[in-house]
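Letter by letter, the chains look like this.
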Amino acid sequence: MVPFAPISTRFAPSPTGGLHLGHAYAAWIAHDRARAAGGRFLVRMEDIDQTRCRPAFDAAIIEDLAWLGIMSDGPVRRQSAHFDDYRAALARLEALGVLYPCFCTRSEIAQAVGAPQGPAGPLYPGTCRHLTAAARGRRLAGGQDHALRLDIAGARRIVGPALCWHDEKAGRQEARPEELGDVVLARKETPASYHLAVTVDDALQGITLVTRGVDLFPATHVHRLLQALLDLPVPDYAHHGLVMGEDGIRLAKRDRALTLAAMRAAGESPADLRRRLGLAPG
Ligand code: GLU
């Protein structure tokens, strides 16, 4: 007999605004999967970027979720309370020699000529990867602002070519972290990037099935590489479609009419929303 393996899923919004219909879809997918399997569902606030996140939005999200009938099975993890976990992961990556400081400004990167294209625009051309140790040392000693980037090629040399992950719909994937280039893992104002924090947290929270929008498919290749470097377990993935607005563009915070708060005020019920999203009655 196959032993029963309960699953753990999560919904991980950033408290930069209230939730909209697209978030409700993502939250229900994670929640429904856990409930159907008798597993565990957790909520995580991805509030690393303290310049954009607000406690008021955090509270609004919890209220939105409660209205949807969704509650975390354990304490809500707030990333801003766990910087030590991300610092420890960075220190491990540093010890492996796969991080380098990048002094380029955003506009220098945007204007870089001949930068390779990635799925979401130009990739970092690797300018600072080629700095000499002396030049690097001088800039660091001078206190120049910098980000920490992951040297993808160097990381590849450590973990080797055979790196796979599994998506429920798309099947077995050969990890292609090169697609996103040398991603940023930390900045001065945000000591852990999305990529680092999400990978560490999914492991620390024991998440076994990551459900999230298909727009994050390329990111999963990077997360798989980080899991290999940091010796973390590899969850299963289920990337789902995105909810589109009437203009055919994915929903965003600008679509005020489709925020859950607006729909609630307009008298819609969670059952109406589920119907609209094509989800079975909850
Ligand atoms: N905080 C991310 C978002 O709001 C979630 C990413 C994830 O589920 O991995 O899009």
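Throughout this description, residue numbers start from 1 for each chain and increase along the sequence as written. A pLDDT threshold of at least 70 governs which residues receive local features in this predicted model, and a stricter bar of 80 or more applies before side-chain atom pairs are shown or counted, although totals over entire chains, interfaces and linings include all residues. The side-chain values count all of the structure's non-hydrogen atoms but skip hydrogen atoms and water molecules.

1. Considerations on the nonpolar core
Among buried residues, the Ala, Val, Leu, Ile, Met, Phe, Trp, Tyr and Cys ones that are joined through side-chain atoms within 4.5 Å form a nonpolar core. Exposure is judged per residue with a 1.4 Å probe applied to protein chains only, and the accessible area is read against the type maximum: over 50% gives exposed, under 20% gives buried, and values in between give partly exposed. Tyr86, Leu93, Leu150, Leu185, Leu196 and Leu229 are the most contacted members of the largest nonpolar core, which has 32 residues in total. Starting at the N terminus, helices and strands are each numbered in turn, a helix being any DSSP run of H or I of at least four residues and a strand any DSSP run of E of at least two. Per element, the largest residue contribution to this core is six residues, and it comes from helix α8 (residues 217-230). Sequence-distant contacts of Leu150, that is, excluding residues within four places in its chain, are made with Val98, Leu99, Tyr100, Ala155, Asp182, Val183, Leu185, Leu225, Leu226 and Leu229. Ala27, Met45, Ile61 and Leu277 belong to the second largest nonpolar core, which has 26 residues in total. By definition in these notes, contact holds between two residues if any of their heavy atoms fall within 4.5 Å.

2. Here we look at unusual backbone geometry
Negative phi characterises most residues that are not glycine, and trans characterises most peptide bonds. If you check the backbone angles, Asp231 has positive phi at about 60° while not being a glycine. Looking at the secondary structure, you find Asp231 in the loop between α8 and β12 (236-240). Assessed through its relative accessible area of 62%, Asp231 is described here as exposed.

3. Remarks on the packing of helix α6 (residues 152-159) against α8
Fitting a line to C-alpha atoms yields each axis, with helices limited to the stretch in contact; the angle taken between N-to-C directions then spans 0 to 180 degrees. One can describe the packing of α6 onto α8 by two numbers: an axis separation of 10 Å at closest approach and a directional angle of 55°. One element, α6, and the other, α8, form an angle in the oblique class. For the pair α6 and α8, the crossing hand works out as left-handed. Residues Ile152, Ala155, Ile158 and Val159 of α6 pack against Leu225, Ala228 and Leu229 of α8. Among the residues making up the contact of α6 with α8, the classes are represented as seven nonpolar, no polar and no charged. Any angle that falls under 35 degrees is termed roughly parallel, while one over 145 is termed roughly antiparallel, one within 65 to 115 roughly perpendicular, and all others oblique. Definitions for this section: a left-handed crossing has its near helix turned counterclockwise from the far helix by less than a right angle. A right-handed crossing has that turn clockwise. Note that Gly is not counted as nonpolar here; it falls among the polar residues with everything else outside the nonpolar set of Ala, Val, Leu, Ile, Met, Phe, Trp, Tyr, Cys and Pro and the charged set of Asp, Glu, Lys and Arg.

4. Re the packing of aromatic side chains
Only Phe, Tyr and Trp rings are paired, with Trp represented by its six-membered ring, and only when their centres lie within 6.5 Å; those with planes under 30 degrees apart are stacked, over 60 edge-to-face, the remainder tilted. Summed over the entire model, instances satisfying the criterion amount to three aromatic pairs. Between Phe83 and Tyr86, the aromatic rings sit 6.5 Å apart at their centres with planes inclined by 75°, giving edge-to-face as the arrangement. Here Phe83 and its partner Tyr86 are both found in helix α3 (residues 83-96), three residues apart, which amounts to about one turn of the helix. Summarising the aromatic geometry, the rings of Trp165 and Phe217 are spaced 5.0 Å apart at their centres and angled 55° between planes, so their arrangement reads as tilted. In this pair, Trp165 is assigned in strand β8 (residues 164-167) and Phe217 in helix α8, connecting sequence segments 52 residues apart. Here Trp165 falls in the buried class, since its relative accessible area comes to 3%. Each member of the aromatic cluster is reached from another via a ring pair, and the members are Trp165, Phe217 and Tyr237. Geometrically, a charge over a ring is one whose NZ (Lys) or CZ (Arg) sits within 6 Å of the ring centre while staying within 35 degrees of the ring normal. A cation over an aromatic ring shows up here: Arg149 above the ring of Tyr124, its NZ or CZ 3.7 Å from the ring centre. Over the aromatic face of Trp28 sits the side chain of Arg274, whose NZ or CZ is 4.9 Å from the ring centroid.

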